[in-house]
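# Structural description and commentary
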Amino acid sequence: TSNKTGNHFYKWEVEYMYWSPDGIENVVMGINGQFPGPTIRARAGDIVHVQLTNKLHTEGVVIHWHGIRQKGTPWADGTASISQCVINPGETFDYRFTVDRAGTYFYHGHYGMQRSAGLYGSMIVDVAEGEKEPFHYDGEFDLLLSDWWHKSVHHQEVGLSSRPMRWINEPQALLINGRGQYGCSLAAHHGNSSFSQCNITGHEQWAPYILHVDPNKTYRIRIASTTALASLNLAIGNHKMMVVEADGNYLQPFETNDLDIYSGESYSVLLKTSQDSSQNYWISFGVRGREPHTPQALTILNYKTNSASKLPLSPPPVTPRWDDYAHSKAFSNKIKALDHKSIPKPSPTYHRRIVLLNTQNKMNGYTKWSINNVSLSIPATPYLGSIRFGLRDAFDQTKPPEDFPGHYDVMKPPVNPNTTTGSGVYMLGYYSTVDVILQNANALTENVSEIHPWHLHGHDFWVLGYGEGKFTKSDEKKFNLKNPPYRNTAVIFPYGWTALRFVADNPGVWAFHCHIEPHLHLGMGVVFAEGVQHVAKIPKEALSCGLTGKRFMTGSHLG
Ligand SMILES: O=C1O[C@H]([C@@H](O)CO)C(O)=C1O
């Protein structure tokens, strides 16, 4: 429900329920009986209030509002053990925050692997009353992408934390708005599929979400990826797309035949329905960056002049080869910020540069991912409370490393793969400008280096550039300080580096991590904190566990 004053109140219950996301009945984590959860729609400047009740029987829960910076409400960021205590079964937590900028966002679970369990939904923020988008469109669609496994997340988690690790492998299906098709294909009639044609009436939970369009119009298609693992590429048969938004920030529009989207990213593209209106066309998403074992996600662009069940004449667009990284890099390098009042210009200099080496490691036979040889292990007491109240026993007081040894060969598996775990925090100077160099490396297996999309909470960063091999100081000369994209998620390519810059201007404690959920689960993240002494009035429900729970559970607000 919403009213004219710009407040939106939602009462949500999270529970497991039977669902058939891909035609196979399974158990998903749903909200108010829906999967994916309800879409939040608000205007820039509005307040969103979600009163979340945990109806799970034996697990805590939290929800992260991905891309919302939570200025002044760091306790509402929804990160378990970082911004708040988990909401226990039967308990209710109030997420109340301002959506300060128009754009395409989503929300998802941020505890254990609850995102993989299906806890996610879309969040669309329109421009404030009287404001205009810098582009025109006649209608819009919203596509939330995910990947789906038939094994439960509990089963997946046990595998990841077993010795030896049992990897989750590739997903059984890719879902568009929670809908996919397992063991059959919408495009089987083209004869290039080993599957039979899907038998669908349109009423199934796994029936495709079809885009019905009028000819000769412009549509905005919002696309967000909350995949656990898969990097994806979108193409629409016979149509080009104009890319205009990424992660809630406007881009210099550019035309493309296909679009890469990594987990944690969102885009808007404009589509002109200018093709032969006596036909329908395929919309397809295929896997990038990992050898695909999952069929493309398919749905139909239906020109309303036809029946939606009329199948396209040509086969679905072919996804670029999974390891054609030149193709992906070319796409990433086309992304530039629009010169617009809503997007700050990059700071020309930095105060502190943190270099983060990403490696796959071993610890007593367990597989881990580490950053500068520390695998993140988050503590029982949420950092926001323990830092605010100086509870030094709550987490490691040693500073995590700023860099990695200069002799480390990023092109080879680690010579000594042993790692340690840690819960230390990068304490950032309030209002300082921070550079982060994400440095990729070879994984444990020779000749393997993977894609990692890194997501920052509480901020957007400027993506100053991408490069090959080991970053050196002279690579600075290649930084784009003119129109770097401003976003919250950026990819590192295999054996490469990505340079980011942001201003630590948001009091709170902020996760920065690989958005591949099993990688975060295996330790692939760090924690930043800034200006925590300026955080006031942390609701006590956010602190009712661990050492803050023991110390402060009196009164209604802390700070
Ligand atoms: O974390 C990962 O583990 C596997 C593999 O490296 C070991 O099975 C894989 O592909 C990952 O991304």
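Residues numbered from 1 in each chain as written. Predicted model: local features only at pLDDT ≥ 70, side-chain atom pairs only at ≥ 80, totals over all residues. Heavy atoms only, no water.

An unreviewed UniProt entry annotates the chain as L-ascorbate oxidase of Populus trichocarpa. Of the chain, the UniProt comment under Catalytic activity (unreviewed entry) reads exactly: "4 L-ascorbate + O2 = 4 monodehydro-L-ascorbate radical + 2 H2O". Recorded under Subcellular location (unreviewed entry), the UniProt text for the chain is reproduced unchanged: "Secreted". (UniProt positions renumbered as here; feature names shortened; annotations may be inferred.)

What follows concerns the overall build of the chain. Looking only at helices and strands, the chain features five helices and 36 strands. In terms of overall dimensions, the chain has C-alpha extents of about 65 × 55 × 50 Å along its principal axes. Evaluated residue by residue, the chain yields a buried proportion of 62% over its 559 residues. The centroid of the 49 positive side-chain charges in the chain is displaced by 4 Å from the centroid of its 49 negative side-chain charges. (Helix = DSSP H or I, 4+ residues; strand = E, 2+ residues; numbered from the N terminus. Buried < 20%, exposed > 50% of the residue type's maximum accessible area, 1.4 Å probe, protein only. Lys, Arg positive; Asp, Glu negative; His and termini not counted. Charge placed at Lys NZ, Arg CZ, Asp CG, Glu CD.)

So, about the domain arrangement of the chain. As assigned here, the chain comprises domain 1 (7–131), domain 2 (140–333) and domain 3 (352–552). Once you take the C-alpha centre of each, domain 1 and domain 3 turn out to be 24 Å apart. Roughly 2500 Å² of surface becomes buried between domain 1 and domain 3 when both sides are summed, with 59% attributable to carbon and sulfur atoms. Measuring nitrogen to oxygen at the nearest pair gives 3.6 Å for the salt bridge that ties Asp-460 to Arg-69. The interface formed by domain 1 and domain 3 includes 20 residue pairs in polar contact (both at pLDDT 80 or more). Taken together, the residues of the side of domain 1 that touches domain 3 sort by class into seven nonpolar, 15 polar and five charged. (Domains from an automatic or database assignment. Buried area = accessible area lost by both parts, 1.4 Å probe. Salt bridge = Lys/Arg side-chain N within 4 Å of Asp/Glu carboxyl O. Polar contact = N/O pair within 3.5 Å; in protein donor to acceptor, adjacent residues only side chain to side chain. Nonpolar A, V, L, I, M, F, W, Y, C, P; charged D, E, K, R; others polar.)

This paragraph deals with the packing of aromatic side chains. Counted under the stated rule, the structure contains 29 aromatic pairs. Relative to Phe-493, the ring of Tyr-466 has its centre 5.7 Å away and its plane inclined at 55°; by these criteria the two rings are tilted. With Tyr-466 in strand β29 (residues 461–468) and Phe-493 in the loop between β31 (489–492) and β32 (496–503), this pair connects stretches of sequence that are 27 residues apart. Pairing Phe-471 with Trp-497 gives two aromatic rings, centres 4.9 Å apart and planes at 85°, and the pair type is edge-to-face. (Phe/Tyr/Trp six-rings, centres within 6.5 Å; stacked < 30°, edge-to-face > 60°.)

Time to look at the site of the ligand. The environment of the ligand is made up of Met-165, Trp-167, Arg-290, Gln-360, Trp-369, Glu-450 and His-519. Within the side chain of Arg-290, one N or O atom sits 2.7 Å away from an oxygen atom of the ligand. A distance of 2.9 Å separates an oxygen atom of the ligand from a polar side-chain atom of Gln-360. Out of a free accessible area of 310 Å², the ligand has 75% covered by protein chains. Of the residues that constitute the shell around the ligand, the class distribution is three nonpolar, two polar and two charged. (Near = heavy atom within 4 Å. Areas by Shrake-Rupley, 256 points an atom, 1.4 Å probe, with all protein chains shown as cover.)

Before going further, it helps to examine the sheet that holds strand β21 (residues 297–303). Ordered in space as β13-β21-β20-β15-β18, the five strands form an open sheet in which the pairing is mixed. In the strand order of this sheet, the two ends are held by β13 (211–213) and β18 (258–261), each with one partner. Averaged over all adjacent pairs, the angle separating strand axes in this sheet is 20°, with direction ignored. When strand β20 (residues 281–288) meets β21, the two strands line up antiparallel, connected through five bridges. Bridged to Trp-282 within β21 is Ile-300. Sitting on the sheet, helix α2 (residues 325–333) is in contact with β15 (231–236), β18 and β20, with an inclination near 90° to β18. (Pairing = 2+ DSSP bridges. Axes fitted to C-alpha atoms, helices over the stretch in contact; angles between N-to-C directions. Contact = heavy atoms within 4.5 Å.)

So, on to the state of the cysteines. For the coordinates displayed, the defined rule picks out two disulfides. Across a sulfur-sulfur distance of 2.0 Å, Cys-85 and Cys-545 are joined as a disulfide pair. Here the disulfide of Cys-85 and Cys-545 is left-handed, its torsion about the S-S bond being about -85°. One end of the pair, Cys-85, is in the loop between β5 (63–66) and β6 (92–99); the other, Cys-545, is in the loop between β35 (538–539) and α5 (546–552), and 460 residues separate them in sequence. Using a relative accessible area of 2% as the deciding quantity, one classes Cys-85 as buried. The disulfide that involves Cys-184 links it to Cys-198, with 2.1 Å between the sulfurs. Residues Cys-184 and Cys-198 are joined by a disulfide whose S-S torsion is about 95°; by sign, that bridge is right-handed. Pair noted here: Cys-184 is in strand β11 (residues 184–185) and Cys-198 is in the loop between β12 (196–197) and β13, with a separation of 14 residues, a long-range link. Once the disulfide-bonded cysteines of the chain are ranked by sequence position, their pairing pattern turns out to be 1-4, 2-3. (Disulfide = S-S within 2.5 Å.)

Mapped onto the fold, Thr-256 is located in strand β17 (residues 249–256). Within polar-contact distance, the side chain of Thr-256 engages the backbone oxygen of Asp-258 at 2.6 Å. Apart from residues no more than four positions distant in its own chain, Thr-256 is found in contact with Lys-240, Met-241, Val-243, Phe-331 and Lys-334.

Buried within helix α1 (residues 153–160) are the following residues: Val-153, Gln-156, Glu-157, Gly-159 and Leu-160. The arc that holds every buried residue of α1, seen down its axis, measures 160°, which confines them to one face. If you follow the buried residues of α1, they end up packed against α4 (517–521). (Arc of directions from axis to C-beta.)

On to the confidence of the model for the chain. Here the chain averages 96 in pLDDT, and 98% of its residues register 70 or above. For this predicted complex, the interface score ipTM comes out at 0.96, while the overall pTM is 0.97. (pLDDT = per-residue confidence, 0-100.)

Cross-referencing UniProt, the feature "domain: Plastocyanin-like" (unreviewed entry) maps to residues 14–126, 143–305 and 416–532 in the present numbering. The span residues 416–532 is 4% helix and 45% strand, and its two end C-alpha atoms sit 37 Å from each other.

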